[in-house]
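# Residue-level structural notes
In case you want the letters, here they are:
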Amino acid sequence: MNADQHAKKLGDISFSVLDLASIVEGGTVSGAFKNTVELAKHVEQWNYNRFWVAEHHSMPGIASSATSVLIGYVAGRTERIRVGSGGIMLPNHAPLVIAEQFGTLEAMYPGRIDLGLGRAPGSDQYTAMALRGDVRNNGQDFPEQLAQLRSYLDADSKHNRVRAIPGEGQDIPIWLLGSSGFSAALSAQLGLPFSFASHFSPENTQPALARYRNNFQPSDVLDKPYVMVGINVFAADTTEEAQRIATSYQQQFLNLIRNTPGQLAPPVDTMEGLWTEYEKAIVMKQLNASIIGNPKEVKEQLQGFLNETQADEMIINSAIYDQDARLRSYEIIAEVTGMK
């Protein structure tokens, strides 16, 4: 990496938000949606670029399963921030349905809707079977589904027997999302923007980004690679408070590896005694790209992450139990990056 690449600063790139509409212990689904909209309104004022929600299923702590519906809810209560999916798990759906849903959203909120697509089920094998109807559907036909979806959105689809109305002829940006090299290679081949899930797959970040950039083919969409990288950030006014609020997410991940998913738990002063050394090692390996600290530390760590990835944009995930602490975390990011 040359010196010019290292010159990229935080103020040179965009920052966005990834939200899962977390259901907190003692909370409700309605409360989760209220918190999501409140966060979206705040980050819009702080000049974040996009607000994405992610499709997950059969998870007691995540309320964003009906992703398209939630996107409409957020877009209708904000004014200019882009709203989209991070992502829609395309193998769970008929491509025609997604073309119609996002065509509807784009017609309602012109120029503000993003369609991020992934190929994982967003849940366990049994739920995937309930969604997909076929246990053999492991996402391997994702490229064909993607081509079908793009054909429905194409203006020339008006000549087809099957048409997406709304949808056809609408300029809806499509992103591919990934946590490995598969979507990196496909998005490079198609000349699409790529978003990598470094927030839960940090060890695959550099290989996937290199694969995308090295194989990128210019297209009508992009003339050069565009990378957005996901990162967990827990920012607070003191290091101690940042470390404390991060324990809710650590508990959530611990429950996932124990196969006992639950609602987002209140923070604790220490995780010691809650996990074994083996469990701690697994959780920390998955979350070792998380940024935790006071404003100065967060700025330094964000810059370090930018130096490593040379990202064009970062999308921030912050699973924080207390809504005020969550808002403050995103506000600190806006302050240290110069957005606010």
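Throughout what follows, the structure given in this document is the object of discussion. (Residues numbered from 1 in each chain as written. Predicted model: local features only at pLDDT ≥ 70, side-chain atom pairs only at ≥ 80, totals over all residues. Heavy atoms only, no water.)

### Points about the nonpolar core
The biggest cluster of nonpolar side chains holds 73 residues, and the ones touching the most others in it are Tyr48 and Leu117. Per element, the largest residue contribution to this core is six residues, and it comes from helix H13 (residues 323–336). Sequence-distant contacts of tyrosine 48, defined by excluding residues within four places in its chain, comprise Phe15, Ser16, Val17, Val43, Ile81, Tyr330, Ile333, Ala334 and Met339. Membership of the second largest hydrophobic core comes to 17 residues, among which are Val24, Tyr249, Leu254 and Ala319. (Core = buried A, V, L, I, M, F, W, Y, C linked by side-chain atoms within 4.5 Å. Buried < 20%, exposed > 50% of the residue type's maximum accessible area, 1.4 Å probe, protein only. Helix = DSSP H or I, 4+ residues; strand = E, 2+ residues; numbered from the N terminus. Contact = heavy atoms within 4.5 Å.)

### So, the pairing of strand E4 (residues 113–118)
Within E4, six of the six residues are buried, which leaves the element mostly enclosed by the surrounding structure. Of the two faces of E4, both are covered, the one formed by Ile113, Leu115 and Leu117 as well as the one formed by Asp114, Gly116 and Gly118. In this sheet, E4 lies alongside strand E3 (residues 82–89) in parallel orientation, the contact comprising five bridges. Bridging across to E4, glycine 84 finds its partner in aspartate 114. In this fold, E3 hands off to helix H4 (residues 95–108), which returns the chain to E4; that crossover is right-handed. Pairing of E4 with strand E5 (residues 174–178) involves three bridges; the strand directions are parallel. From the neighbouring strand, glycine 116 faces E5, where its bridge partner is tryptophan 175. (Pairing = 2+ DSSP bridges. Right-handed = clockwise from strand over helix to strand, strands pointing away.)

### Here we look at the environment of serine 290
Residue position: serine 290 is located in the loop between helix H11 (277–286) and strand E8 (291–293). Separated by 90 residues in the primary sequence, serine 290 and phenylalanine 200 have C-alpha atoms spaced 8.9 Å apart. Sequence-distant contacts of serine 290, that is, excluding residues within four places in its chain, are made with Ile231, Asn232, Phe234 and Gln301. Within the local environment of serine 290, its side chain forms a polar contact with the side chain of asparagine 232, the two groups lying 3.3 Å apart. Within polar-contact distance, the side chain of serine 290 engages the backbone oxygen of leucine 287 at 2.9 Å. (Polar contact = N/O pair within 3.5 Å; in protein donor to acceptor, adjacent residues only side chain to side chain.)

### Concerning the environment of alanine 311
Among the secondary structure elements, alanine 311 is positioned in the loop between helix H12 (295–309) and strand E9 (313–317). On a C-alpha basis, the gap between alanine 311 and leucine 177 in space is 14 Å, while along the polypeptide they are 134 residues apart. Beyond its immediate chain neighbours, meaning those up to four positions away, alanine 311 contacts Lys8, Ile13, Arg213, Val227, Val229 and Leu306.

### Quick notes on the pairing of E5
Burial within E5 is extensive, with five of its five residues counted as buried. Covered by surrounding structure in E5 are Ile174, Leu176 and Gly178 together with Trp175 and Leu177, the residues of both alternating faces. Crossover E5 to strand E6 (residues 194–196) through helix H7 (residues 181–190) is right-handed.

### Quick look at the packing of aromatic side chains
What characterises a pair of aromatic rings is the spacing of the ring centres plus the angle enclosed by the ring planes. Taken as a whole, this structure holds nine aromatic pairs when the rule is applied. Note on phenylalanine 33 and tyrosine 73: the rings are 6.4 Å apart at their centroids and 65 degrees apart in plane angle, and the pair reads as edge-to-face. Highlighted residues: phenylalanine 33 in helix H2 (residues 29–45) and tyrosine 73 in helix H3 (residues 67–75), separated in sequence by 40 residues. Taking relative accessible area as the criterion, phenylalanine 33 reaches 23% and is therefore assigned partly exposed. Both rings, one in phenylalanine 234 and one in tyrosine 249, keep their centres 6.0 Å apart while their planes meet at 40 degrees; by these two values the pair is tilted. Of this pair, phenylalanine 234 sits in strand E7 (residues 227–235) while tyrosine 249 sits in helix H10 (residues 247–257); the two residues are 15 residues apart in sequence, bridging distant segments of the chain. Just as phenylalanine 234 is buried, tyrosine 249 falls in that class too. Among the aromatic residues, those joined into a cluster by ring pairs are Phe194, Phe196, Tyr212 and Phe216. (Phe/Tyr/Trp six-rings, centres within 6.5 Å; stacked < 30°, edge-to-face > 60°.)

### Overview of the layout of surface pockets
Approximately 400 Å³ is the volume attributed to the second largest pocket. Residue lining of the second largest pocket: 19 residues in total, with Arg150, Asp171, Ile172, Ile174 and Val221 positioned closest to the centre. Counting only elements with at least two residues in the lining of the second largest pocket, the list comes to helix H6 (142–153) and E5. Of the residues that constitute the lining of the second largest pocket, the class distribution is 11 nonpolar, two polar and six charged. (1 Å grid on protein atoms, 1.4 Å probe; cavity = no way out; pocket = protein on both sides within 12 Å on 5 of 7 lines; lining within 4 Å. Points joined across faces, edges and corners; volume = space filled by probe spheres on them. Nonpolar A, V, L, I, M, F, W, Y, C, P; charged D, E, K, R; others polar.)

### Digging into unusual backbone geometry
The omega torsion of the bond from glycine 86 to glycine 87 falls at 5 degrees, within 30 degrees of zero and hence cis. Within the fold, glycine 87 resides in strand E3. With omega at -5 degrees, the peptide bond leading from isoleucine 165 into proline 166 counts as cis. With respect to the secondary-structure elements, proline 166 resides in the loop between H6 and E5. In this structure, alanine 21 takes a positive phi of about 50 degrees despite not being glycine. With respect to the helices and strands, the residue alanine 21 is situated in the loop between strand E1 (14–19) and H2.

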